[in-house]
Amino acid sequence: MTIPLSIQETKKGEAICPYCGVGCRLLMESADGELIRVKGVADAPANLGGICAKGATLPEVIRTPDRLTQPHVRPARSKEPRPMKWADALGWTAARFREIVERHGPDAVAFYGSGQLDSEASYLAVKLFKGSIGTNNTDSNSRLCMASAVTGYQTSLGADGPPCCYADIDLSDCLVVWGSNMADAFPVTFNRMKARLKAKPGVELIVVDPRRTNTANYATLYVPVAPGGDIPLMNAVGRLLLERGAVDHDFVAAHTEGFAVYRDFLLHADWKELVSAAGVPEALIGALADRLARSRALLTFYCQGLNQSTVGMWKNNSIINLHLLTGQIGKPGAGPFSLTGQPNAMGGRETGLLAQALPGYRFSADPGHRAEVEAYWRRPAGTISTRPGLTAVEMSRALEAGRLKAIWIAATNPTVSLPDLHQVRRALSGAELIVVQDPYHPTETTQFADVLLPVAQWAEKTGTMTSSERLVSFSEQVVEPPGTALPDWQILARFGQAMGFSGFQFEDAGAVWDEFTGLTAGRPCDMAGMTSERLRRERHLRWPCPSVDHPGTERLYLDRKFPTSSGRARFHARLHRPPRETTDHEFPLILTTGRLYAHWHTLTRTGKSPKLLRLEPSAFVEVHPDDAAEVGLTAGQAAELSSRRGLIRLPVKINARLPRGVVFVPFHWGDQQGENVAANYLTNPAIGRIAKQPEFKYCAVRLGPAPEAPGPAAT
């Protein structure tokens, strides 16, 4: 008998959407223990009641037949995983970890997490591996999307963190979207941008991107920069701003350093070389510079088009240079605003999950920072290693080389998301121990696991996340997790206890949060005033928030003081460096990858939604009509796309808005959806020297018709 909804047990709560970094607050409603609907919260600062198709379909994907409901352990690689109780599974795993550390040292193990983890879980992973095991080998898949933005802010402004907030959209008269298909990847924020354009005619929207994306459809000026041509274009614009007297000399003199070197670098650069490398006509560069020069409040959004490059940090420095040059920072409606790809990528940066970091925007290379954290954790001096931690791609290389023996993977799917997937699969196949902490099984990654640990999802737990605008938000629980699944933080706390370490006994997530925020006191990301009790009551606050009576900080640097040794922001003269891999006669085309509106990351959630799959059912390769004709391809035909690392076979979509010589493949699909469809079998694993972010946006490929499948053998 169906129980009328009106008399079922219902429950409501608010949580942060588990998809992108916009940080939409959703009102969740459950009935009889099942999530039945979600909608945007009207007064939420991030989304103002808005919601995208992915968020709206969340009830379809939370309780699915492939949910992992109890721990499993594979006693040997030749055996099938078998169910275990939590105490037994964690005890078995702890024994293996101790054995590996005793034989090979602490740097033989690693933790690879993601911006899906709440801050409580990220913090405990750092405390466990860096503060107890004694290795800096923790990293996040934020390395694949945000590492260049992190190091760009640090080197230019003195600390990580965007100085702006979404409310600046409503105050800006010149909005720039550089290297992001914001309409598809961050639709709720882009809808706010569209509303600004409609309400205030005359506001500029400038889109800079090699692809004429859905975002560019709304542009008042579209600039088709050449793939890899961002730095020369920024340098050319900077030179024109200098020549046209658009420099805020008072701001530059009082609040920056390095200007003279930057100015001379631009004025002595070869103009024709800048224009050629940018791939943009001179008149269009001039139009871009004119619009920046006359803007009162310049707000620049940027994302993977700048970040996913071996010179991604330099690209971030270069976009910040333009804001420093014009004084367009530290005031309402203006500033350089990096968009975050995951719901808590910012939180992972704050907790120290990235390989080089420690909690509270500290660094493991700094002796003073190590001593501060050791004292706070009551660990002996020297517990935190002085050796640099391995980053995402480095972990994969170290696994294959045998230097890394064990890896704990949480809330991410690296056998779809990392570059050069053939290498990744070899690396995981040779590891001694793989622990995977995930809500679902099988995924492309869980199939490699020796230990499977079932995780409570976003609506099934409480937790804290930080959005792109530094907004720290508390999420409520409205349904119970399936089986014996546990929140990520609780799994890590129990494992710490199984390893025999002190400091891992917590009553609830709030106790973890309150311990973590103590490490942020006095730091650039000060959250000391955001107690767990206050966040539960007020729901969200922006850092810095140094005391419990502080309202939080909407915008950074309004006082024009920057967290550098001099208190000044820094100009950096950055040369153009071409992508690490170039085209040639054998691989004459450029492959770039990206997101689609209907899907998110590796389809682990969105691939379970019938509504979203109807919008985008399968992978494809977009090709310019002339490039397709040159190799004899037509729309819908199966194409073979190959690079120096592998090949994939996908149907062709003809797109005349692509530049000649560039093809596009969405990166969402993996081996679960079909053989030879994952874009990252092709992509280049080259990484930058400092940010160590892979060059996903540019690799050389060859395109042609896929060979026909052989028919039945003749008899």
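Model, not experiment: these values are computed from the prediction.

(A) Spatial organisation of the state of the cysteines. Summed over the entire model, instances satisfying the criterion amount to 0 disulfides. Of the cysteine sulfurs around cysteine 145, a residue in no disulfide, the closest is that of cysteine 303, at 7.2 Å. No disulfide involves cysteine 164; its nearest neighbouring cysteine sulfur is the one of cysteine 165, lying 7.5 Å away. The class for cysteine 164 is buried, based on a relative accessible area of 0%.

(B) Structural context of the nonpolar core. Grouped together as the largest cluster of nonpolar side chains are 109 residues, with contacts concentrated most on Phe97, Trp178, Leu233, Leu292 and Trp408. A per-element tally of this core places helix 4 (residues 119-133) first, with 8 residues. Here phenylalanine 97 is in contact with Val109, Phe129, Ile133, Trp408, Leu433, Val435, Phe495 and Met499, once residues within four sequence places are set aside. Among the nonpolar cores identified, the runner-up in size contains 57 residues, and Leu68, Leu390, Phe664 and Trp669 belong to it.

(C) Examining the pairing of strand 12 (residues 298-302) more closely. Burial within strand 12 is extensive, with 5 of its 5 residues counted as buried. Of the two faces of strand 12, the one holding Leu298, Thr300 and Tyr302 and the one holding Leu299 and Phe301 are both buried throughout. Pairing geometry for strand 8 (residues 174-178) and strand 12, over 5 bridges, is parallel. Each bridged residue has a counterpart across the sheet, and for valine 177 the counterpart in strand 12 is phenylalanine 301. Where strand 12 and strand 13 (residues 335-338) come together, 4 bridges link them in parallel fashion. Paired with threonine 300 across the two strands is proline 336, which belongs to strand 13.

(D) View of unusual backbone geometry. Residue proline 442 follows histidine 441 across a cis peptide bond; omega there is 5°. Its location among the elements puts proline 442 in the loop between strand 17 (433-438) and strand 18 (451-454). For the bond from tryptophan 543 to proline 544, the omega torsion is 0°, close enough to zero to count as cis. Structurally, the position occupied by proline 544 is in the loop between strand 21 (540-542) and strand 22 (569-570). Of note in this structure, leucine 48 is not a glycine but carries a positive phi near 50°. Taking the relative accessible area as the measure of exposure, leucine 48 reaches 49% and is therefore partly exposed. Of note in this structure, leucine 603 is not a glycine but carries a positive phi near 65°. Relative to the helices and strands, leucine 603 is located in the loop between strand 23 (589-594) and helix 23 (610-615).

(E) Molecular detail of the packing of aromatic side chains. Taken as a whole and assessed by the stated rule, the structure comprises 16 aromatic pairs. For the pair tyrosine 123 and tryptophan 377, a centre-to-centre distance of 6.2 Å together with 55° between the ring planes defines the contact as tilted. Here tryptophan 377 lies in helix 16 (residues 367-377) and tyrosine 123 lies in helix 4, a separation of 254 residues in the sequence. For the pair tyrosine 123 and tryptophan 377, a shared accessibility class is recorded, and that class is buried. Here tyrosine 262 and phenylalanine 571 contribute two aromatic rings whose centre-to-centre distance is 5.0 Å and whose plane-to-plane angle is 20°, an arrangement assigned as stacked. A residue pair is termed long-range when its members are at least 10 positions apart, and tyrosine 262 in helix 10 (residues 259-267) and phenylalanine 571 in the loop between strand 22 and strand 23 qualify at 309 residues. Tyrosine 262 sits in the buried class, given a relative accessible area of 1%. Relative accessible area serves as the criterion here: at 6%, phenylalanine 571 is assigned to the buried category. The ring of tyrosine 597 has lysine 54 sitting right over it, with the charged end atom 5.0 Å from the ring centre. One residue, lysine 653, lies across the ring of phenylalanine 620, its end atom 4.0 Å from the ring centre.

Definitions and cut-offs
- Residues numbered from 1 in each chain as written.
- Predicted model: local features only at pLDDT ≥ 70, side-chain atom pairs only at ≥ 80, totals over all residues.
- Heavy atoms only, no water.
- Disulfide = S-S within 2.5 Å.
- Buried < 20%, exposed > 50% of the residue type's maximum accessible area, 1.4 Å probe, protein only.
- Core = buried A, V, L, I, M, F, W, Y, C linked by side-chain atoms within 4.5 Å.
- Helix = DSSP H or I, 4+ residues; strand = E, 2+ residues; numbered from the N terminus.
- Contact = heavy atoms within 4.5 Å.
- Pairing = 2+ DSSP bridges.
- Phe/Tyr/Trp six-rings, centres within 6.5 Å; stacked < 30°, edge-to-face > 60°.
- Lys NZ or Arg CZ within 6 Å of the ring centre and 35° of its normal.

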